[in-house]
There are 4 protein chains.
Amino acid sequence: MNILAIGDVVGSIGCRFLRAHLPSLKKLKGIDLVIANGENSADGNGLTPVSVQFLFDSGVDVITAGNHSFRRKESYELYDSCEYLLRPANFPSGAPGKGFCVVDMGRTQVGVINLMGTVYMDGLDSPFDEADRILAKGVPPITLIDFHAEATGEKRSFGYYMDGRVSAVFGTHTHVQTADDCILPKGTGYLSDLGMTGPIQSVLGVQPELVIEKMRTKMPVRFALAEGDCKMDCALFHIDDKTGNTLSVERIQIA
Amino acid sequence: MNILAIGDVVGSIGCRFLRAHLPSLKKLKGIDLVIANGENSADGNGLTPVSVQFLFDSGVDVITAGNHSFRRKESYELYDSCEYLLRPANFPSGAPGKGFCVVDMGRTQVGVINLMGTVYMDGLDSPFDEADRILAKGVPPITLIDFHAEATGEKRSFGYYMDGRVSAVFGTHTHVQTADDCILPKGTGYLSDLGMTGPIQSVLGVQPELVIEKMRTKMPVRFALAEGDCKMDCALFHIDDKTGNTLSVERIQIA
Amino acid sequence: MNILAIGDVVGSIGCRFLRAHLPSLKKLKGIDLVIANGENSADGNGLTPVSVQFLFDSGVDVITAGNHSFRRKESYELYDSCEYLLRPANFPSGAPGKGFCVVDMGRTQVGVINLMGTVYMDGLDSPFDEADRILAKGVPPITLIDFHAEATGEKRSFGYYMDGRVSAVFGTHTHVQTADDCILPKGTGYLSDLGMTGPIQSVLGVQPELVIEKMRTKMPVRFALAEGDCKMDCALFHIDDKTGNTLSVERIQIA
Amino acid sequence: MNILAIGDVVGSIGCRFLRAHLPSLKKLKGIDLVIANGENSADGNGLTPVSVQFLFDSGVDVITAGNHSFRRKESYELYDSCEYLLRPANFPSGAPGKGFCVVDMGRTQVGVINLMGTVYMDGLDSPFDEADRILAKGVPPITLIDFHAEATGEKRSFGYYMDGRVSAVFGTHTHVQTADDCILPKGTGYLSDLGMTGPIQSVLGVQPELVIEKMRTKMPVRFALAEGDCKMDCALFHIDDKTGNTLSVERIQIA
Ligand SMILES: [Fe+2]
Ligand SMILES: [Fe+2]
Ligand SMILES: [Fe+2]
Ligand SMILES: [Fe+2]
Ligand SMILES: [Fe+2]
Ligand SMILES: [Fe+2]
Ligand SMILES: [Fe+2]
Ligand SMILES: [Fe+2]
């Protein structure tokens, strides 16, 4: 089975670029399922019913989120009502939504888990323990995890912790694709960060001069998305239907 | 001119791997100058006179450092006496050593600057201002910066801030190579992180099970370097001798 | 019932000062039970069987800890074997020890809970949720909480969260006593931080010039405890035996 | 000379309470000069021309700020035009305003410096170095510093660093008054935090249930100021006109 995971889609500009390029990529690579991180898919950050619907209509099957999951009030209901929209599973139990879903693909089922790291981020309950709890309740042989986190040390150690227990672990949040794609010793596909879907000449999607101003002056700066040519950072996990192991990881940057 | 920049060399195992592979890479690619981040080159972290000499003897021309610059007392004198060993320039003025050097290559000179980010790291003076101060005093047309930092937002905005003002900006510290190598609009070569030189099956060089234990228990864990097959993450900047601009960036992972 | 809570006891110098002054304070104030934070009671930080025994022998009934709970390997067994030595209850379940105990005072029982904050500290599971879990299992009508935390916002909001549910919430960790002692609207006694037991002319117990050097140079500095005159920061909670409410909070600084 | 320093004034409710009580306190204590931290004096955080004018009209002579200095665009000009409105001196040089002023009291002059810490806060240049630079340019024998910071270790070490060099160092930012008022060995008056001027039943001025919700759910919560009875936390420094040393520090909580 071929599963594509797409890095944080930024704003309507990123959504439109995804829509323009995902269908042909799916055909070209024979992709069976698409997961995309949508935590920044709304203009102005977070996600909205409009941006979520746009991504689903563009060929995304499961949307994951992260630290920006709840930036938009209008999305709260959606987390409860929409089966294939996830937020990190280790958010407190009072938060809307859930962090695990199963997609029925006919002969097989695919599990998707969303978790968030805690190093240099808002303190949530341990993603290691939460992953244990979810797996203890039972997940399909083919299950992938979007681990939304900052620190490479936390990401890679989480990958090793899951090695042999899920099909693949990929990171999101830094908006920069890493080049450490690999298959871990016990068969789990791994990549520290998928990267970003949005404007190339940008700082994580934002106009560089605005971030520079913020960094230099330490004063409040209203961020605006960059424009111009876009790219879509993603990774294709080719997974063995029987064992659930990853057979190959292909990093892809569509520009 | 071809300048190779090598990501954090971890321990004696990483130093030996570098020595085994750097000479042939230099011949193969016609490399004129080699910069390597050595902040973790000593076993047990930091750097020592022995690890520094080993790297120089192995073909490294300039050694940069980072947050682990001063982990080893025996290295303090070296920072003052050794012209081509740098620590981040934005350390307080009382710290040993300096953050800028010029290598005389005969017909041309090459400047190397080492700076450290401040987001999610110990608070140093602004690397943006410090870069301005160094450039105001004058640097060679060919000058490269090792920006040792954690956050991709700080790294990329610093790259844009330096665009057109230096030949290249490459990041270190996360020990994971990024795949956003590019030439910025005004001619500066850029890569968010070079990655690491050390054991492949590891979490930033350390045995995965030890980092997992630390993450799961939150208890003190003594870290030990992993063993087994190594890799050397690096990037080759092909620079125009006249303009000082980068003509191409090639990411390399020797394994 | 009169319960005395003593702020972080620092080193053997702090332990000795406590021993010299606690007995007379107990008599003077008619104190029934003494809780002391011992996370720094060993010279060189953490706690050891020797420092723990010294505190118990000096009249302390329950010892709590914090982020330094596990600095000393020789203390690990003690956390499991000693009923009245606590570490924060929201440490991962794999950690030695427990975060709740009940002291049998004859006609009444007194519960003591130790929890740790997560703002600006190592990320543990939510202390709010953990407190709920402990209370759900049942605690005596007279129960006090040592909330070891940094940020005043987290401390005060936790106090309000517990208001009317436990007898008292007092903070530790900053080593500086606060002056916001009060009885919250529903009867819970509260103080953001008890302060420290140790040398007066110090920065949290450490020689000021060493901390200044660390702050100014950002280089590694080996900390050593200050010497000279000491003080013992503490607070006396006068609690209604029947309701478990706090009737008065008295801040005390013995010097 | 008697100088009163007032902790962070929160919102119009805090401003009104200050206006109601400052005049009588000034008379009662024979206060010559009043410094107040105004970084939260506007409803909705930050400060505005209206809140600044209100404080000046109420008897405040110098207003200091902190991390919220630039939350309100409408205040930017004021920082440049108003001599007695300060923001931390170690903000980058591009920021509006200045961090040092001198008040002419006729026979004597009084210097006021505003600085911000860097531990657990946005990374500014070193306040230790910035203080050195300001003192090197010359300050009056009577000079006080508002050190707006979070960590007690940074605050106390800064106090010792300034001991004997300025008249007094008092902290702000945590909104909780500390009880470590003292005169340091070389004559500088010191208090880690002045506390807050605003509603008593609150978490740093905010309604407790809102902060609890934020802490428990990790979701965005719009903060609103608490109402009800207020207090004014402050400290009175009695300073020797000739030596500039502090003769006594009196903590005051007006409720
Ligand atoms: Fe994102
Ligand atoms: Fe994110
Ligand atoms: Fe580093
Ligand atoms: Fe490193
Ligand atoms: Fe402590
Ligand atoms: Fe502590
Ligand atoms: Fe404030
Ligand atoms: Fe503040």
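The rules we used
- Residues numbered from 1 in each chain as written.
- Chains lettered and ligands numbered in written order.
- Predicted model: local features only at pLDDT ≥ 70, side-chain atom pairs only at ≥ 80, totals over all residues.
- Heavy atoms only, no water.
- Pairing = 2+ DSSP bridges.
- Helix = DSSP H or I, 4+ residues; strand = E, 2+ residues; numbered from the N terminus.
- Contact = heavy atoms within 4.5 Å.
- Axes fitted to C-alpha atoms, helices over the stretch in contact; angles between N-to-C directions.
- Buried area = accessible area lost by both parts, 1.4 Å probe.
- Salt bridge = Lys/Arg side-chain N within 4 Å of Asp/Glu carboxyl O.
- Polar contact = N/O pair within 3.5 Å; in protein donor to acceptor, adjacent residues only side chain to side chain.
- Donors = N, O, S within 2.8 Å, 3.2 Å for Na, K, Ca; no water.
- Tetrahedral: all angles 85-135°; square planar, octahedral: opposite > 155°, others 65-115°.
- Buried < 20%, exposed > 50% of the residue type's maximum accessible area, 1.4 Å probe, protein only.
- Expected span 1.5 Å × (residues − 1).
- Bend = angle between axes of the 7 residues up to and from the residue.

Chain A has the name TIGR00282 family metallophosphoesterase in an unreviewed UniProt entry, where Caproiciproducens galactitolivorans is given as its organism.

Caption draft 1: Spotlight on the sheet that holds strand 6 (residues 109-116) of chain C. Residue and element names in this part refer to chain C. Read across the sheet, six strands follow the order 5-6-7-8-10-9 without closing on themselves; strand pairing throughout is mixed. Strands with a single pairing partner mark the edges of an open sheet, and in this sheet they are strand 5 (100-104) and strand 9 (182-183). The strands touched by helix 4 (residues 127-137) within the sheet are strand 5, strand 6 and strand 7 (142-148), with strand 6 carrying the most contacts at an inclination of about 155°.

Caption draft 2: Spotlight on the interface of chain A and chain B. Every contact between the two is made by 37 residues of chain A and, on the other side, 37 residues of chain B. Here chain A meets chain B over a buried area of about 3,100 Å², counting both sides, of which 59% is carbon and sulfur. Contact with chain B buries area across many residues of chain A, yet Tyr120, Met215 and Arg216 of chain A alone supply 18% of it, more than any other trio. On inspection of chain A and its partner chain B, the count reaches four salt bridges. Where chain A touches chain B, the interface holds 17 residue pairs in polar contact (both at pLDDT 80 or more). For the side of chain A that touches chain B, the elements supplying multiple residues, two or more each, are helix 4 (127-137), helix 5 (152-162), helix 6 (208-217) and strand 13 (246-254) of chain A. At seven residues, helix 5 of chain A tops the list of elements feeding residues into the side of chain A that touches chain B.

Caption draft 3: Broad picture of the sheet that holds strand 10 (residues 189-191) of chain B. Residue and element names in this part refer to chain B. Within the open sheet, the six strands sit side by side as 5-6-7-8-10-9. Their pairing is mixed. Strand pairing shows two members of the sheet lacking a second neighbour, strand 5 (100-104) and strand 9 (182-183), which therefore form its edges. Note that strand 8 (residues 168-172) and strand 10 share three bridges and pair parallel. Counterpart to Val169 in the pairing with strand 10 is Tyr190.

Caption draft 4: Representation of the coordination of the iron ion (ligand 1) in the model. Residues and elements named next belong to chain A. Bound to the iron ion (ligand 1) are the protein donor atoms Asp8 (OD), Glu39 (OE), Asn40 (OD1) and His175 (NE2), situated 2.1 to 2.2 Å from the metal. Because the angles between the four donor atoms bound to the iron ion (ligand 1) fall within 87 to 167°, the donor set is best described as irregular. Motif for the iron ion (ligand 1), donor spacing along one chain: D-x30-E-N-x134-H. Overall, the relative accessible area of 1% leaves Glu39 in the buried class.

Caption draft 5: Layout of the coordination of the iron ion (ligand 6). All names here are of chain C. Coordination sphere of the iron ion (ligand 6), protein contribution only: Glu39 (OE), Asn67 (OD1), His148 (NE2) and His173 (ND1), at 2.1 to 2.2 Å. Around the iron ion (ligand 6), the four donor atoms are arranged such that angles at the metal cover 84 to 152°; this shape is classified as irregular. Coordination of the iron ion (ligand 6) draws on donor residues from a single chain, spaced E-x27-N-x80-H-x24-H in sequence. Between the iron ion (ligand 6) and the iron ion (ligand 5), a spacing of 3.5 Å is present, and a bridge between the two is formed by Glu39. Of this pair, Glu39 sits in the loop between strand 3 (33-37) and helix 2 (49-57) while His148 sits in strand 7, placing them 109 residues apart in sequence. Using a relative accessible area of 0% as the deciding quantity, one classes His148 as buried.

Caption draft 6: How the structure looks around the side chain of Asn37 of chain D. Residue and element names in this part refer to chain D. Summarising the element assignment, Asn37 is placed in strand 3 (residues 33-37). Within the structure, the side chain of Asn37 is placed 3.0 Å from the side chain of Asp146, a separation counted as a polar contact. There is a polar contact of 3.4 Å between the side chain of Asn37 and the side chain of His148. Among residues more than four places away in sequence, those in contact with Asn37 are Ile6, Gly7, Asp8, Val9, Thr64, Ala65, Asp146, His148 and Thr172.

Caption draft 7: Representation of helix 1 (residues 11-29) of chain B in the model. Residue and element names in this part refer to chain B. For helix 1, with 19 residues, the first-to-last C-alpha span of 26 Å sits near the 27 Å given by 1.5 Å per residue. Taken as a whole, helix 1 carries its principal kink of about 35° at His21; the proline Pro23 stands between one and four residues after it. Every buried residue of helix 1 is accounted for by Gly11, Ile13, Gly14, Cys15, Phe17, Leu18, Leu22 and Leu25.

Caption draft 8: Molecular detail of the pairing of strand 1 (residues 2-6) of chain D. Residues and elements named next belong to chain D. Taking burial as the measure, the five residues of strand 1 include five buried ones, the bulk of the element. Burial along strand 1 is two-sided: the residues Asn2, Leu4 and Ile6 and Ile3 and Ala5 are all buried. With five bridges joining them, strand 1 and strand 12 (residues 230-239) adopt antiparallel strand pairing. Its bridge partner lying in strand 12, Ala5 is registered against Ala235. Where strand 1 and strand 3 come together, four bridges link them in parallel fashion. Looking at strand 3, one finds that Ile6 is bridged to Ala36.

Caption draft 9: Focus on unusual backbone geometry. Even without a glycine there, the phi angle at Lys218 of chain A is positive, about 60°. Take Lys218 of chain A: it is sitting in the loop between helix 6 and strand 12 (230-239). Under the relative-accessibility criterion, Lys218 of chain A is labelled buried at 14%. Of note, Asn45 of chain D is a non-glycine position whose phi angle comes to about 80°, a positive value. Position of Asn45 of chain D among the secondary structure elements: in the loop between strand 3 and helix 2 (49-57).

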